[in-house]
Amino acid sequence: MGNVVVVGAGIAGIQAALDIAGHGIHVHLIEREPSIGGHMAQLDKTFPTNDCSMCILSPKMVDVERHPLITVHTCSEVETIAGEIGNFTVTIKENPRYVDSVLCTGCGDCVEICPVEVYNRFDAGVGVRKAIYKPHAQAVPDIVVKDAEHCIECGLCYDICGPGAILRKDEGKRVTINAASIVITTGYTVFDARNKEQFGHLILPDVITSLELERMINASGPTGGKIKRLSNGAVPKSMVFIQCVGSRDISIDRPYCSCVCCMQAMKNAILIKEKSPDTEITLCYMDIRAYGKGYEEYYERAKAMGIRFLRGMPGEIRADHNGLILQVENSETSEVLVLHPDLVVLSVGIGPSDNAAGIAAKCGISLEATGFFKPAHDAVDTVATLCPGIYVAGTATAPRDIPDSVASGGSAAMRAFIDAVRTRSA
Ligand SMILES: Cc1cc2nc3c(=O)[nH]c(=O)nc-3n(C[C@H](O)[C@H](O)[C@H](O)COP(=O)(O)OP(=O)(O)OC[C@H]3O[C@@H](n4cnc5c(N)ncnc54)[C@H](O)[C@@H]3O)c2cc1C
């Protein structure tokens, strides 16, 4: 009695877990991926300070792992939720990792010897990973996971693993937790740019998404921090960012603003300009939304660095033997421009988590028309839901930046904590 379950271990869930446990309540933190950290672990720097994302996140991840009152369940998903505030029964399925988490030292010998390379989701497909792998260098827990779907059972990893931690069979297990309250922080998914066919993502190799750029720009990412054209490996001399791809677009039923795309595009343009001042960068936009503390100043800084802000949206991206071609009307001057960038970055919007509907059905809480979780009240009760004892926070409820995700994670934590204390003293 008196535990709290937090579902989803991105920055919002991590903050919620640390705040609740910091007040003496036991937290079960459920994460479906093999490492905690969420999207923030994929980012290079964060606007508007250009702080290193992992330098902020990694200490929190380690604090979670070491906290005596936090039990982390990775590779895990909620199966059922029953009961009511003060007395929920949550069953979770821990999916097979095919690795003994006590014996694995995270040395990486098995990763090195594994002959299979597959698509690396953490690197947004820019790099590859092995069939046995660590999600990334600062993963928590710092151990490997075997991808049974792609493993060819060559046996090399079993032979090389000193402690014998790699398992041929693993059924996973089911765990039942009693909880006073539940916090849902299942985050977001980025828009699949293939749904805007006119931009040619995954057809034209030099058209990438903002998340792919985040991985490329990251010194520990698949290109070692070098921005490259995927067609020929050359360093781009000119780049175009296209904003609102999958945001503010009623033609694909995504009418809302994704909140972070203007700022993250400016951030990456600034970082590229800092490293290569000669790179020509044009940002095609509808409106610039720089609403937060220090954001407008950041916009001014980007302009002062020579980043061109072009108010207009290209209709399509074509390619000929010379490279990419975009036609765009500058809506401030009515001038029609034809651009020939070496690399195009699509600033993809933020959508609801791919499993939000399933979680909502299990919890008996509602979704908005957009697919994000619906809070009890958008102005004055932004983390409660219509089900007492179940709270929602971070980008699970709406597109948000990191500071807002942390703030709402902390806010949900306090409500969940109060429920837990009341349950204990009842
Ligand atoms: C390209 C790009 C750049 C960005 N740059 C910045 C920036 O510079 N500064 C800034 O402030 N913001 C930035 N953002 C926004 C930032 O990524 C988010 O604000 C932040 O990561 C949201 O954290 P979260 O915890 O709400 O969600 P997430 O990071 O999405 O975490 C959710 C977690 O829940 C897990 N999960 C999902 N479903 C389940 C389930 N059923 N069971 C268990 N676990 C589950 C997921 O695996 C994930 O670990 C950027 C966004 C993008 C797309």
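Residues numbered from 1 in each chain as written. Predicted model: local features only at pLDDT ≥ 70, side-chain atom pairs only at ≥ 80, totals over all residues.

Student: Hey, could you run me through the overall build of the chain in this one?
Tutor: Helix and strand counts for the chain stand at nine helices and 24 strands. The C-alpha radius of gyration computed for the chain amounts to 23 Å, which stays within 12% of the reference 22 Å derived for 426 residues, consistent with globular compactness. Viewed in the frame of its principal axes, the chain has a C-alpha envelope of about 70 × 60 × 35 Å. Across the 426 residues of the chain, 47% fall into the buried class. Here the contacts in the chain between residues at least 6 apart in sequence split such that 68% fall between residues at least 24 apart. (Helix = DSSP H or I, 4+ residues; strand = E, 2+ residues; numbered from the N terminus. Rg over C-alpha atoms; globule rule 2.2 N^0.38 Å. Buried ≥ 20, exposed ≤ 12 C-beta atoms within 10 Å, placed from the backbone. Contact = placed C-beta atoms within 7 Å.)

Student: Looking at this structure, how should I read unusual backbone geometry?
Tutor: Keep in mind that most residues, glycine aside, have a negative phi and that most peptide bonds are trans. A cis amide bond links Phe47 with the next residue in sequence, Pro48, at an omega value of -5 degrees. On the secondary structure map, Pro48 appears in the loop between strand E3 (45–46) and strand E4 (51–52). The peptide bond linking Val140 to Pro141 adopts the cis configuration, its omega dihedral lying at 0 degrees. Along the polypeptide, Pro141 turns up in the loop between strand E10 (132–133) and strand E11 (145–146). In this structure, Cys75 is a non-glycine residue whose phi angle is positive, near 55 degrees. Using a count of 21 C-beta atoms within 10 Å as the deciding quantity, one classes Cys75 as buried.

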